[in-house]
Amino acid sequence: MYKNQSESPIWRSVMVTRHLPASLSGLETLCKNLWWCWNDDAKALFKSIDSDLWHKSGHNPMEILDKVSLKRYNQLAGDKDFLARLSSVMDNFNAYMAKKSERTEPSVGYFCMEYGLDTSLKIYSGGLGILAGDYLKETSDMNVNLVAVGLLYRYGYFNQRLTPQGNQVADYVPQDFLKIPAEPVFDENGAWKTVTMAMPGRTMTARIWKVAVGRTDLYLLDTDFEANSPEDRQVTHHLYGGDWENRMKQEILLGIGGVRALRALGLNPTIYHYNEGHAAFAGLERLREYMQNGGFNFFEGLELVRASSVFTTHTPVPAGHDAFTEEIIGRYLGHYPQRMGIDWRTLMNLGKIDADNHDEKFSMSILAANMSQNVNGVSMLHGKVSQDIFANMYPGYLPEELYISYVTNGVHYPTWAAKEWKKIYEREFGEEFKSSHYDKSCFDGIYKVSDEEVWETRRTLKKDLRDSILERLHDPSVCAHYTPSQIVTIAERFRDDVLTIGFARRFATYKRATLLFSDLDRLDAIVNNPEHPVQFIFAGKAHPADGMGQDLIKQIVEISKQDRFLGKIIFVPGYDITLAKRLVQGVDVWLNNPTRPQEASGTSGEKAAMNGVMHFSVLDGWWVEGYREDAGWALPLESTYDDHNYQNELDSATIYATIENEIAPTYYKIDKATGRSKEWIAYIKNTIAKVASNFTTNRMLIDYCKQYYEPQMARYGVLAADGGKVAREISAWKGLMRAEWNNIRVITSTVPDSSYVLSPDDPFQTVVELDLGRLKPEDVGVEILFTTVDDKGVFHIQEVCELGLDKYENGIATYYVSILPQRTGMYQVGTRIFPKNAMLPHRQDLPFVKWL
């Protein structure tokens, strides 16, 4: 007789896993590769399995496949149309993936704290992550040999909902790792591959996961499992969460753990790209490898690390760069100097301006710059701003001379362009466009499209946007800031035939989200204009710790509830990739008004341009390069003032006037015969041809390859050949320069008189005599600079003349030049000497300077 009986229910856990019919096995393959998320046929295929589930799952194929019934699978297995579509998608996918074997050098290891790939994988918070996600997709499409490293967060970034008062509530919902497109990486014995890092008094272990992003692999590290202490399990709980000590552990995990993960996978890329300073410890780990495994000393190893590293900074303000106290660095990396055979000061010198200043924090951006041959900003203007930010590292040079350059950010066209536009582009832009290897002039194909098709495409997308927004507002789980009666009113007033302006982004104070509300009466007149009405849509999140940013959201919500604005100004909660796509595809104008120059690049306006949506912005970030008079609007650059209140007042008045006098009249200049605005359609076409064409990740990736990856691969190859022979030679030469630089003695230095009459018969005669000691004349360069000073006291170089070697006797080198300045006027003139070696990639590679 069976003895285990009870009058109470007895429950046992049983896991039932999905098993697809053989004819549907392709769905299993597709759902595990994010290629599907930028391919419309694949998305349509998953949606057709169960459209309700597709919607409720947030467009997550893995969740759909788990929830679909066996009965439905059997129906699909017998559905000839579905099987034909599945076969077509799989043929395209397999042909696409087959080209992965054709990847060539340079191989690149890409490190970033966050990746915005799809809503089904919540490991991103904002612009940095979205940019990184787009970049990975482009490397896949262009088949660039790149592997990426990041962290797998249990909670990721928060889900946003609003209270009836308009207060933001941050909900941290744990990710179900069984329902995300990340798979464990196992070794040949079936054990989960892991890496370890030394922590104070313990070891932290991280599991390795793989996310397939088309042809590009993204490896993620996660510490939230039983091998770790509770403290270390929390390291990968929240993106940018916890205190500075937790941030330190996250950045050790990303940098040091990331390099070890690549080695555990048998990967050794040629070039290492640090996307923000968070990943800078990767350089330290690679330096340790060269020393312990390659037999190099510290400075020799540093040559090889620098030659093969590039650092991209995204931060336009000094306070935005991560920095740690010396105590925290000592607690977690105190063992590194001994392992590397260096003293503590040498380690500190990698991340500080003054290694002897105990109060100065250890900057991850300075570390990344010291570990990298090249540093770049993410727009032309941000490149210049970054020169100022890093100028303290190179006091002998003016900021404008620094090697720091830029690659302007772009966006992944297949991800952000609406499917309606993609059909047009693929039809008109030529065969090369479909292959992701094209000339940007192909975007001129938009001029061949009829005005009617352009107008109807925009109308369709606006209607889709209206439907999507109203659906979100009817969801009480995220939208409590409008009452049911207010939502009814919004539905009545919110129209798809009214000029619609969108503003959606992170709610940081410098982005000035509330600038539009400086004069509510004037705004009232704009939105309720009987002939030219305008409606505004706002969306975005504020960081949970940013009270001022959350107050901005609350202020907008409160204003949007006023009867005169209800249904004309709407705040849409739950900002994520899905909502962002709807907005950039559906509005007519994209508004952006940050405090200049605090927008490093910004890409939301680039996404809008892909959909024929005009940009209206301060000339900051990418818009400095993108603005065209016939393809958008700009707040004038000339009207920039130090008084922020005055600037805000002026900018808000300019925004009102531009909408009233330029934007709205153009939109509503409707031809009665056609029902369309020919002038507005011209703006749309110009936006696509002249703006969108220049701001794709396609162009961006080509720039990185041509400016950094390929030249650095060539130089690294020279330095690393023959056991690092050239790297050792450069290191030895730098060692000699370090030892002898302060021993150089100036014997003679002639300078121009304070007053000089420009004449070809009387040029500047400059002579410099130096006692070089153990150095050779070719080791030292001498130059004279002619500069002017602007009204802010900033020096600008007008002319640089290098002195030639006139003679060299008994260790005394004489340098001479005769100069005829090209312009009259007041100059500030200076003479300086610097180390000189043809093998240096740029002057700041050894930034010693003596001004005479």
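Structure report, in brief. None of these values were measured; they are calculated from a predicted model.

Cut-offs applied
Residues numbered from 1 in each chain as written. Predicted model: local features only at pLDDT ≥ 70, side-chain atom pairs only at ≥ 80, totals over all residues. Heavy atoms only, no water. Helix = DSSP H or I, 4+ residues; strand = E, 2+ residues; numbered from the N terminus. Rg over C-alpha atoms; globule rule 2.2 N^0.38 Å. Buried < 20%, exposed > 50% of the residue type's maximum accessible area, 1.4 Å probe, protein only. Contact = heavy atoms within 4.5 Å. Lys, Arg positive; Asp, Glu negative; His and termini not counted. Charge placed at Lys NZ, Arg CZ, Asp CG, Glu CD. Core = buried A, V, L, I, M, F, W, Y, C linked by side-chain atoms within 4.5 Å. Pairing = 2+ DSSP bridges. Axes fitted to C-alpha atoms, helices over the stretch in contact; angles between N-to-C directions. Phe/Tyr/Trp six-rings, centres within 6.5 Å; stacked < 30°, edge-to-face > 60°. Lys NZ or Arg CZ within 6 Å of the ring centre and 35° of its normal. Polar contact = N/O pair within 3.5 Å; in protein donor to acceptor, adjacent residues only side chain to side chain. 1 Å grid on protein atoms, 1.4 Å probe; cavity = no way out; pocket = protein on both sides within 12 Å on 5 of 7 lines; lining within 4 Å. Points joined across faces, edges and corners; volume = space filled by probe spheres on them. Salt bridge = Lys/Arg side-chain N within 4 Å of Asp/Glu carboxyl O. Parallel < 35°, antiparallel > 145°, perpendicular 65-115°, else oblique. Left-handed = near helix turned anticlockwise from the far one by under 90°. Nonpolar A, V, L, I, M, F, W, Y, C, P; charged D, E, K, R; others polar. Disulfide = S-S within 2.5 Å.

### A few points about the overall build of the protein
Tallying secondary structure elements over the protein gives 29 helices and 28 strands in all. Taking 29 Å as the expected radius of gyration for a compact globule of 852 residues, we find that the protein reaches 30 Å, a close match to that expectation. When the backbone C-alpha atoms are referred to their principal axes, the protein occupies close to 100 × 85 × 50 Å. For the protein, buried positions account for 57% of its 852 residues. The contacts in the protein between residues at least 6 apart in sequence include a share of 72% that link residues at least 24 apart. Between the mean site of the 92 positive side-chain charges and the mean site of the 111 negative ones, the protein shows a separation of 6 Å.

### Description of the nonpolar core
Formed by 163 residues in total, the largest nonpolar core has its most connected members in Leu-27, Tyr-110, Tyr-115, Leu-218, Phe-281 and Tyr-709. Ranked by the residues each element gives to this core, the list is headed by helix H29 (residues 697-740), at 13 residues. Beyond its immediate stretch of four places on either side in the chain, Phe-281 contacts Met-248, Glu-251, Ile-252, Gly-255, Ile-256, Ile-329, Leu-333, Phe-362, Met-364 and Leu-367. Judged by nonpolar contacts, the second largest core, of 100 residues, contains Cys-479, Leu-499, Leu-515 and Ile-681.

### Considering the sheet that holds strand E18 (residues 589-592)
Ordered in space as E17-E16-E15-E18-E19-E20, the six strands form an open sheet in which the pairing is parallel. The two strands at the open ends of the sheet, each matched to only one other strand, are strand E17 (569-572) and strand E20 (632-635). When strand polarity is set aside, the average angle formed by the axes of neighbouring strands in this sheet is 20°. As judged from the six bridges shared by strand E15 (residues 499-504) and strand E16 (residues 534-539), these two strands associate in the parallel manner. Following the sheet pairing, Ala-504 is matched in E16 by Ala-539.

### Looking at unusual backbone geometry
A cis amide bond, omega 5°, links Glu-105 with the succeeding residue Pro-106. When you line up the elements, Pro-106 lands in the loop between helix H6 (80-98) and strand E1 (108-111). A positive phi is found at His-59, a non-glycine position, where the angle reads about 65°. One non-glycine residue with positive phi stands out, namely Ser-436, at about 70°. Judged by relative accessible area, which is 12%, Ser-436 ranks as buried.

### A few points about the sheet that holds strand E28 (residues 850-851)
Strand order in the open sheet formed by four strands is E24-E23-E27-E28, with antiparallel pairing between adjacent strands. Strands with a single pairing partner mark the edges of an open sheet, and in this sheet they are strand E24 (795-802) and E28. Pairing geometry for strand E27 (residues 828-835) and E28, over two bridges, is antiparallel. Of the residues in E28, the one forming a bridge with Ile-833 is Lys-850.

### Focus on the packing of aromatic side chains
Overall, the coordinates contain 46 aromatic pairs when judged by the stated rule. Ring plane angle 85° and centroid distance 5.7 Å describe the contact between Phe-433 and Phe-443, whose orientation is recorded as edge-to-face. One end of the pair, Phe-433, is in helix H19 (residues 431-434); the other, Phe-443, is in the loop between H19 and helix H20 (451-473), with 10 residues separating them in the sequence. Residue Phe-443 is classed as buried on the basis of its relative accessible area, which comes to 0%. Taken together, the aromatic side chains of Tyr-413, Trp-421, Tyr-425, Phe-429, Phe-433, Tyr-438 and Phe-443 make up a single cluster linked through ring pairs. Of note, Arg-215 hangs over the ring of Tyr-96, and the distance from its end group to the ring centre comes to 3.8 Å. Taking NZ or CZ as reference, Arg-738 lies 4.1 Å from the ring centre of Phe-299, over its face.

### A closer look at the pairing of strand E3 (residues 159-162)
Only one face of E3 is buried, namely the one carrying Gln-160 and Leu-162, since none of Asn-159 and Arg-161 on the opposite face is buried. Where E3 meets strand E4 (residues 168-171), four bridges bridge the pair, whose relative direction is antiparallel. Bridge pairing in E4 places Asn-159 opposite Asp-171. In this structure, the hairpin formed by E3 and E4 is closed by a connection of five residues, where Gly-166 is found at a positive phi of approximately 90°.

### Some words on the side chain of Thr-415
Along the chain, the position of Thr-415 falls in helix H17 (residues 413-416). Polar contacts involving the side chain of Thr-415 include one to the side chain of His-412, which spans 2.7 Å. In this view, Thr-415 contacts Trp-38, Asp-134, Lys-137 and Lys-581; residues no more than four positions away in its chain are not counted.

### A look at empty space enclosed by the protein
Under the criterion given, the structure shown has two cavities of 30 Å³ or more. The space that makes up the largest cavity amounts to roughly 50 Å³. Those elements that provide at least two residues to the lining of the largest cavity are strand E6 (194-199), helix H9 (244-264), helix H12 (326-333) and helix H13 (336-340). In this structure, the second largest cavity is lined by Lys-462, Leu-465, Arg-466, Phe-494, Arg-495, Asp-496, Thr-500, Gln-535 and Gly-586. By residue number, the principal contributor to the lining of the second largest cavity is H20, which donates three residues.

### Some words on the pattern of salt bridges
Applying the stated criterion to the full structure yields 58 salt bridges. Where Asp-588 meets Lys-462, a salt bridge forms, and the shortest distance between an N and an O atom there is 2.7 Å. Here Lys-462 lies in helix H20 and Asp-588 lies in the loop between helix H24 (577-586) and E18, a separation of 126 residues in the sequence. You'll find Asp-588 and Lys-462 in the same group, each marked buried. Each member of the salt-bridge network shares a partner with another, and the members are Arg-202, Glu-231, Asp-232 and Lys-249.

### Focus on the packing of helix H2 (residues 40-49) against H6
In a packed pair of helices, the relevant descriptors are the angle between the two axes and the axis-to-axis distance. Taken N-terminus to C-terminus, the directions of H2 and H6 make an angle of 150°; their axes are 10 Å apart at the nearest point. By the angle between their directions, the pair H2 and H6 is classed as roughly antiparallel. Considering the relative orientation of H2 and H6, their crossing is left-handed. Contact residues: H2 offers Asp-41, Ala-42, Ala-44, Leu-45, Ser-48 and Ile-49, while H6 offers Phe-82, Arg-85, Leu-86 and Val-89. Its residues assigned to classes, the contact of H2 with H6 shows seven nonpolar, one polar and two charged.

### Observations concerning the state of the cysteines
Inspection of the entire model under this criterion finds zero disulfides. For Cys-31, which is in no disulfide, the shortest distance to another cysteine sulfur is to Cys-37 and amounts to 13 Å.

### Regarding the environment of Asn-611
Note that Asn-611 resides in the loop between helix H25 (604-609) and strand E19 (614-618). The sequence separation of Asn-611 and Gly-586 amounts to 25 residues, and the corresponding C-alpha distance is 8.2 Å. Ignoring sequence-local partners within four residues, the contact set of Asn-611 consists of Trp-416, Ala-417, Ala-418, Trp-421, Tyr-425, Arg-458, Val-584 and Gln-585. A polar contact of 3.0 Å, which involves the side chain of Asn-611, links it to the backbone oxygen of Lys-607.

### Structural notes on the environment of Arg-738
Following the sequence through the fold, Arg-738 ends up in helix H29. On a C-alpha basis, the gap between Arg-738 and Phe-848 in space is 8.5 Å, while along the polypeptide they are 110 residues apart. Setting aside chain neighbours within four positions, we find Arg-738 in contact with Phe-299, Ser-731, Leu-846 and Phe-848.

### Brief notes about the side chain of His-481
If you trace the backbone, His-481 turns up in the loop between H20 and helix H21 (484-493). Within the structure, the side chain of His-481 is placed 2.9 Å from the backbone oxygen of Phe-571, a separation counted as a polar contact. The contacts of His-481, once residues within four sequence positions are left out, are Leu-162, Thr-163, Pro-164, Gly-166, Leu-473, Gln-486, Val-557, Lys-561, Phe-571 and Pro-573.

### Some thoughts on the pairing of E15
Among the six residues that make up E15, six are buried, leaving the element largely enclosed by the rest of the structure. The alternating pattern of E15 places Leu-499, Ile-501 and Phe-503 on one face and Thr-500, Gly-502 and Ala-504 on the opposite face, and all of these are buried. Bridge count between E15 and E18: two bridges; the pairing is parallel. Note on E18: the bridge partner recorded for Gly-502 is Trp-590.

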